[in-house]
Amino acid sequence: TLSSYLKSGLEKKLFDVRDRRALTLDADQLQKISVQYKGTSWTLQKNPEGVWDLALPPAVRADRFTIDGLVSQLRGLNMQTIAEEDKKKNGDYGLNAPELHLELTGGDGTQTIVVGKKEKDQERYFAINSGLAPVFTLNSDFVTQFKKNSADLREKDLFAFSAFDAKRLEVDTPKGHWAFEQQGNKWKETAPKSKNVNSDKMDTLLTHLRDLRADSFPKGGNLADFGLTKPAYRFKVQSGGKNTTETVEAAKSGDHVYARRSTDPLPSELSKTALDDVEKSLGEL
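The residue numbers shown here count from 1 along each chain, following its written sequence. Per-residue local features are limited, in this predicted model, to residues with pLDDT of at least 70; the limit for side-chain atom pairs, both in listing and counting, is 80 or more; totals at the level of whole chains, interfaces and linings are taken over all residues. With hydrogens and water stripped out, all remaining heavy atoms of the structure feed into the side-chain values.

Peer 1: Go over the overall build of the protein with me, naming the residues and quoting the values.
Peer 2: Segments assigned H or I by DSSP are reported as helices when at least four residues long, segments assigned E as strands when at least two residues long, and all are numbered from the N terminus. Counting secondary structure elements, the protein contains 7 helices and 17 strands. We compute the radius of gyration from the C-alpha atoms alone; for a globule the expected value is 2.2 Å times N to the 0.38, where N is the number of residues. Relative to the compact-globule value of 19 Å for 285 residues, the protein shows a C-alpha radius of gyration of 26 Å, a clear excess of over 25%. With the C-alpha coordinates of the protein rotated into their principal frame, the extents come out at 85 × 55 × 35 Å. Remark: exposure states derive from per-residue accessible area (1.4 Å probe, protein chains only) relative to the maximum for the residue type, with buried under 20%, exposed over 50%, and partly exposed in between. The buried share of the protein, taken over its 285 residues, is 39%. For the protein, the share of sequence-separated contacts (at least 6 apart) that also reach a separation of at least 24 residues comes to 58%. Surface accessibility follows the Shrake-Rupley procedure with a 1.4 Å probe radius. Residue values consider only the protein chains on display as shielding. When the accessible surface of the protein is totalled, it reaches about 15,900 Å², and 44% of it is carbon and sulfur. Distance from the positive charge centre (43 side chains) to the negative charge centre (42 side chains) of the protein: 1 Å. Any pair of residues with heavy atoms lying within 4.5 Å of one another is described as a contacting pair. When charges are counted, Lys and Arg are positive and Asp and Glu negative, with His and the chain ends excluded. In plain terms, the charge of a residue is placed at NZ if it is Lys, CZ if Arg, CG if Asp and CD if Glu.

So this is what it looks like as C-alpha cells:
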C-alpha cells in the first residue's frame, strides 16, 4: 500500500505544470512602464539614480510606495486560465479595443501586455503578451491596480527626511530667518542669535515639516502663478550621515497654499492650514 497523497500529487492537469508567468521579464530590472487605458496614459521611468520618475513631461517624483505596489503586481503576475493556445487564432476577446495596454521595458527587452474584455460571469480579463503564445486570463485586481491617473502616481510628501536624523534646519518666513543645529544631543539656535532650544519643541517643528504633503496638483507650470518664483517660505533641512539636503519652498495666495521641493519643476497645493502648525511650533521656539 502507498499513501494516497502520492497518487493525488501526480494527478495534474496540463495547466498545473506549465509555466504560468504572464510576464517573463524580470520585474525588478524594469526601467520603463507605459500604460494606456480609456483616454488616459502615463509613463514611469527610472532616472540615473535608479529612482522611479513620472514623465508628464517634465519628469516629476513618483510615489515610491505606489510604484513598489505596481512592480509587485508585475513580479507575481500569473495566468489564471488559458483561453486559446495560439493568440493568432484569437476569437472575440476584446483585444482590438483593449481595456488596458502596458508596455514594459527592462534589461532583457520589451514586452507588451494587452488586456481585452472581461470573461463572462468571471472576475477575470482576457489578455495577451507580445512575448508569449497564448490568450490567457488575468485577475481583475491587476487591471484595477494599473488604472491610475498621474496624480495617483506623484509623490505627495514634500520632505523625505526622518525627524530623528535631522542635523540642521534653516527657516525663512515673512517674519524672519532662523537657523538651528544639532550639537551633540542637543539643539541650538544659531541665527539670528545663539541659544539653546527645547529639544521636544524642536522635534515638534521637524515633525510638522515632515508632515507637509500635497493635497492636489494644480495645472500649469509657471511658478510665478503660484508665488513660487519669490516664495515667502523656505525650509532647508540637512539630515543623515551624508548630510543630505532638502529644500522646500512655499507661498500663500488667498486661501491657497502652494509648495514645491527646490528640485521639483511643478508645484503642488497643500491644505490651506498646512503651514499653521509649522508657524505655531516655530513661534514656541
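Peer 1: Describe the sheet that holds strand β10 (residues 166–173), listing the residues and the values that go with them.
Peer 2: Any two strands are treated as partners once DSSP identifies two or more bridges connecting them. Read from one edge to the other, the open sheet built from 8 strands follows the order β13-β12-β11-β10-β14-β15-β16-β17, with strand pairing classed as antiparallel. The sheet is open, and its two edges are formed by β13 (195–196) and β17 (268–270), each paired on a single side. In terms of strand pairing, strand β16 (residues 256–261) meets β17 through 3 bridges, oriented antiparallel. Looking at the pairing, A259 lines up with S268 of β17.

Peer 1: An account of the side chain of T112 is requested, with residue identities and associated values reported.
Peer 2: By secondary structure assignment, the location of T112 is in strand β7 (residues 109–118). The buried category is assigned to T112, whose relative accessible area is 17%. Dropping the residues within four chain positions of it, T112 is found in contact with H101, L102, E103, I128, N129 and S130.

Peer 1: For helix α7 (residues 276–284), give the residues involved together with the corresponding values.
Peer 2: Looking at α7, one finds that the buried residues are V278, S281 and L282. Down the axis of α7, the buried set is contained in an arc of 105°. They therefore lie on one face. In this structure, α7 carries K280 and G283 as exposed residues pointing more than 90 degrees from its buried face. Each element contacted by the buried residues of α7 is listed here: β10, β11 (176–183), α6 (199–210) and β14 (233–239). Starting at the helix axis, one direction is taken to each C-beta atom, and the arc is that of these directions.

Peer 1: Which residues make up the nonpolar core, and what are the values?
Peer 2: The definition of a nonpolar core used throughout is a set of buried Ala, Val, Leu, Ile, Met, Phe, Trp, Tyr and Cys residues joined through side-chain atoms within 4.5 Å. Of all hydrophobic cores here, the largest spans 35 residues; its most connected members are I33, W42, L74 and F146. In this structure, W42 is in contact with I33, S34, V35, Y37, L54, L70, F146, K148 and L153, ignoring residues within four places of it in sequence. Membership of the second largest hydrophobic core comes to 27 residues, among which are W187, Y233, A274 and L285.

Peer 1: Tell me about unusual backbone geometry, and name the residues and values.
Peer 2: Residues P57 and P58 are joined by a peptide bond in cis, for which omega reads 5°. Structurally, P58 can be placed in the loop between β3 (52–55) and β4 (59–61). Here the amide bond leading from A191 into P192 is cis, since omega sits at 5°, within 30 degrees of zero. In this fold, P192 is placed in the loop between β12 (186–191) and β13.

Peer 1: So, the packing of aromatic side chains: which residues are in play, and what are the values?
Peer 2: Put simply, two rings from Phe, Tyr or Trp (the six-membered ring, in Trp's case) pair if the centres are within 6.5 Å, and we call them stacked under 30 degrees between planes, edge-to-face over 60, tilted for the rest. Scanning all chains against the criterion turns up 5 aromatic pairs. Measuring from centroid to centroid gives 5.2 Å for F159 and F161, while their planes differ by 75°, and the two rings are edge-to-face. Taken as a pair, F159 and F161 share a single burial class, namely buried. Geometrically, a charge over a ring is one whose NZ (Lys) or CZ (Arg) sits within 6 Å of the ring centre while staying within 35 degrees of the ring normal. Above the face of the F15 ring, R20 is positioned so that its terminal group lies 5.3 Å from the ring centre. Note that R64 overlies the ring of F65, its terminal NZ or CZ placed 4.3 Å from the centroid.

Peer 1: So what's going on with the pairing of strand β2 (residues 40–46)? Residues and values would help.
Peer 2: Judged from the 6 bridges that link them, strand β1 (residues 30–37) and β2 form a sheet pairing that is antiparallel. Directly across from Q36, in β2, lies its bridge partner S41. Between β1 and the antiparallel strand that follows it, β2, lie 2 residues; K38 among them carries a positive phi value of about 40°. The pairing of β2 with β3 spans 4 bridges and is classified as antiparallel. By the bridge assignment for β3, L44 is matched with L54. Where β2 folds back onto β3 in an antiparallel hairpin, the turn is made up of 5 residues, including G50, whose phi is positive at roughly 80°.

Peer 1: Lay out the pattern of salt bridges in plain terms, naming residues and giving numbers.
Peer 2: Close approach of charged atoms allows side chains of opposite charge to pair. Any Lys or Arg side-chain nitrogen found within 4 Å of a carboxyl oxygen on Asp or Glu counts as a salt bridge. Counted under the stated rule, the structure contains 19 salt bridges. For the salt bridge of E189 with K195, the shortest nitrogen-to-oxygen distance reads 4.0 Å. By relative accessible area, which is 4% here, E189 ends up buried. E279 is paired through a salt bridge with K252; the nearest N and O atoms lie 3.4 Å apart. Taken together, the residues E279 in helix α7 and K252 in strand β15 (residues 244–253) connect sequence positions 27 residues apart. Relative accessible area serves as the criterion here: at 27%, E279 is assigned to the partly exposed category.

Note that every value here comes from positions in space, so none of it alone points to a role or purpose.
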